[in-house]
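Here are the chains, one letter per residue:
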Amino acid sequence: MSVIEKLSAISETITKLMNFVLNDDFVKPDFNEYLTAISAKNENRTNIQAVIIPYIFERRLGNDRKSIIELYKESKTEISDVEIEILEALSKSFSSVFEVGRVFSNGFELYNLVNEKNYRVLSLVKMNNFRGITPGQFALCRIFPLKEEYYLLEVTNVLSSINKDEVYKYTVAKIIEKPEDAYFENPKKLKQIEELVSDFGKKFIECFSTDEVITTNTYADNLINMFNTYCDEGILPEKEELEDNIKQIENNRYFTVSDFKNSYSDFMEKSLEGFSSHSATYDIGIIYDEQLGLFVLPFYQTFCKIYEVEDYKTIQGYKDCIKSFLENDKVPANIIKKVAKKYSNFMERTNEILGTSYTVNKLLKYYKADSVEKKIFSSASVLYASKIFEQMMNMVSEKENKKEKSNIDYSHVGRNDKCPCGSGKKYKNCCMPKQL
């Protein structure tokens, strides 16, 4: 198959998928609901087609949580080998944040900021469509592999290099949203994370003498900092210090914590403030899974109490609590298995509350399909190994240092005095030039 024939076959297959979404009796109603949810119901056909791409590759429907591509293949009575091959390739597509390297006559060289890997991608359309994209810019793209080549499926946003702060924030937010993307197609990064998880797991046990610590959001930051200090400096917390920061909630109840609802643009600032900055008080479980790493789970004790107490109805918000743990992608199947193993009445009570008749395996298949099918490390563990996260934290630290220095009174400092910024240098060789 020639290059032109291959590009034509790919474009034809994508067009068929789009038409399937717009016309299939089962998929079309869901797509219309999707358009309403993202306020795109009244968009013209051209703009709606731009929305179809993420819908096709990110949506799962039905009790079996089937992808749009799976549903499309099931709807066909006849399908060619070429189309099957392309559909398989499209099902492996992924969206990420890329730094633009070289620009070629038929594509780009892109560096994936999330998984730290270079890609040479071919364009499905004429390069004139990307005339404004130049080396050094950052682009949010979706690409897919086919026969040892990568193809550019869409470009949804392009940012200048002067917006590096925003790009880094968005990249870190993408890693937190889907930590598995950070080691996708990168065996070296995967091995690094596996080694970190194993090493930190041993240190967690050494630090807390258990793999599960329950406290409140008021003290959770302190415990996490103790663990970080031990990992970085080898300093174990004192027994009394641990006891002072492990506190049980008096009345377990589940409710919505408004502080969690942050946009990616300010999530870093919010996360640096910590759980203790939240206005409400609630329980938190700090859990180390030996396979997946560190998880910090609000309302974990409340979740467990639903299966521990005789009358679960005494726990406010018990149903919403169960649904939140099942529907939250940040809670992996391993955590649900851990609680199910701890409480013999787990499935009986869950089915009673939700009005279902699941087994543990069926429950996990429905709610936790991704973490059952593949190994997804905790976002905290993945961030430890992320170059972008390290650079971002350095940028935040530099801003804080500059802010602190701007509040220093230099009016009575002599030229040869030590600079009050704490650098150890003489004032004339440090901050004095900046004050002139």
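Heads up: the structure comes first, above all this text.
Basis of the calculations
Residues numbered from 1 in each chain as written. Predicted model: local features only at pLDDT ≥ 70, side-chain atom pairs only at ≥ 80, totals over all residues. Heavy atoms only, no water. Helix = DSSP H or I, 4+ residues; strand = E, 2+ residues; numbered from the N terminus. Buried < 20%, exposed > 50% of the residue type's maximum accessible area, 1.4 Å probe, protein only. Contact = heavy atoms within 4.5 Å. Areas by Shrake-Rupley, 256 points an atom, 1.4 Å probe, with all protein chains shown as cover. Lys, Arg positive; Asp, Glu negative; His and termini not counted. Charge placed at Lys NZ, Arg CZ, Asp CG, Glu CD. Patch = residues over 30% accessible without salt bridge, like charges linked within 9 Å, V, L, I, M, F, W, Y side chains within 5 Å. Salt bridge = Lys/Arg side-chain N within 4 Å of Asp/Glu carboxyl O. Pairing = 2+ DSSP bridges. Axes fitted to C-alpha atoms, helices over the stretch in contact; angles between N-to-C directions. Arc of directions from axis to C-beta. Disulfide = S-S within 2.5 Å. Parallel < 35°, antiparallel > 145°, perpendicular 65-115°, else oblique. Nonpolar A, V, L, I, M, F, W, Y, C, P; charged D, E, K, R; others polar.

Draft legend 1. Focus on the overall build of the chain. Along its length, the chain carries 19 helices and 10 strands. Structurally, the chain occupies a C-alpha span of about 75 × 70 × 40 Å along its principal axes. The buried share among the 436 residues of the chain stands at 44%. Considering only contacts within the chain whose residues lie at least 6 apart along the sequence, 62% involve residues at least 24 apart. Summed over its atoms, the accessible surface of the chain is roughly 24200 Å², and 46% of this surface lies on carbon and sulfur atoms. Distance between charge centres in the chain, computed from 59 positive and 66 negative side chains, equals 4 Å.

Draft legend 2. Layout of a negative patch on the surface. Negative charge collects at one region of the surface, where E70, E177, D329, D370 and E373 lie side by side. Within the secondary structure layout, D329 lies in the loop between α12 (318-327) and α13 (333-342).

Draft legend 3. Just the sheet that holds strand β7 (residues 149-159), in detail. The strand order β3-β4-β5-β7-β6 describes a closed barrel built from five strands, whose pairing is mixed. Each adjacent strand pair in this sheet contributes to an overall mean axis angle of 50°, direction not counted. Direction of pairing for strand β5 (residues 117-123) relative to β7: parallel, over a ladder of three bridges. The residue bridging V121 from the neighbouring strand is Y150, located in β7. Strand contacts of helix α1 (residues 3-23): β5, β6 (138-146) and β7, with the helix running at about 60° to β7, the strand carrying the most contacts. Where helix α6 (residues 164-177) meets the sheet, it contacts β3 (94-103), β6 and β7, and its direction lies at approximately 145° from that of β3.

Draft legend 4. Layout of helix α2 (residues 27-37). Every buried residue belonging to α2 is among V27, D30, F31, Y34 and L35, and all of these are buried. All buried residues of α2 fall inside an arc of 145° around its axis, so they share one side. Backbone geometry just after α2 places S39 at a positive phi near 60°.

Draft legend 5. Examining the pairing of strand β10 (residues 293-298) more closely. One ladder, built from six bridges, connects strand β9 (residues 283-289) with β10; its direction is antiparallel. Opposite I286, over in β10, you have V296 as the bridge partner. Count of turn residues in the β9/β10 antiparallel hairpin: three residues.

Draft legend 6. How the structure looks around the pairing of β3. Bridge count for β3 against β6 is six bridges, and the pairing is antiparallel. Counterpart to F94 in the pairing with β6 is I143. Judged from the four bridges that link them, β3 and strand β4 (residues 107-112) form a sheet pairing that is antiparallel. Among the inter-strand pairings, E99 is bridged to a residue of β4, identified as Y111.

Draft legend 7. Structural detail: the state of the cysteines. Throughout the structure, instances matching the rule amount to zero disulfides. Considering cysteine sulfurs only, C321 is the nearest to C304, which forms no disulfide, with 9.0 Å between them. C304 sits in the buried class, given a relative accessible area of 5%. A relative accessible area of 0% places C321 in the buried class.

Draft legend 8. Focus on the packing of helix α14 (residues 346-354) against helix α15 (residues 360-367). Contact pair α14 / α15: the axes reach a minimum separation of 10 Å and the direction vectors enclose 55°. By the angle class used here, α14 and α15 are oblique. Counting all contacts with α14, which are made through F346, M347, T350 and L354, the residues of α15 involved are V360, L363 and Y367. Broken down by class, the residue content of the contact of α14 with α15 amounts to six nonpolar, one polar and no charged.

Draft legend 9. Quick peek at the pattern of salt bridges. In this structure the tally under the stated criterion is 19 salt bridges. The salt bridge involving K16 is made with E12; its shortest N-O contact spans 3.6 Å. In this pair, K16 and E12 are both assigned in helix α1, four residues apart and thus about one turn of the helix distant. The exposure class of E12 is partly exposed, given its relative accessible area of 44%. The partner of E116 in a salt bridge is K189, with the nearest N and O atoms 3.0 Å apart. Of this pair, E116 sits in the loop between β4 and β5 while K189 sits in helix α7 (residues 187-208), placing them 73 residues apart in sequence. The pair formed by E116 and K189 is uniform in burial state, with each residue classed as buried.

Taken by themselves, the reported measurements are silent on function.
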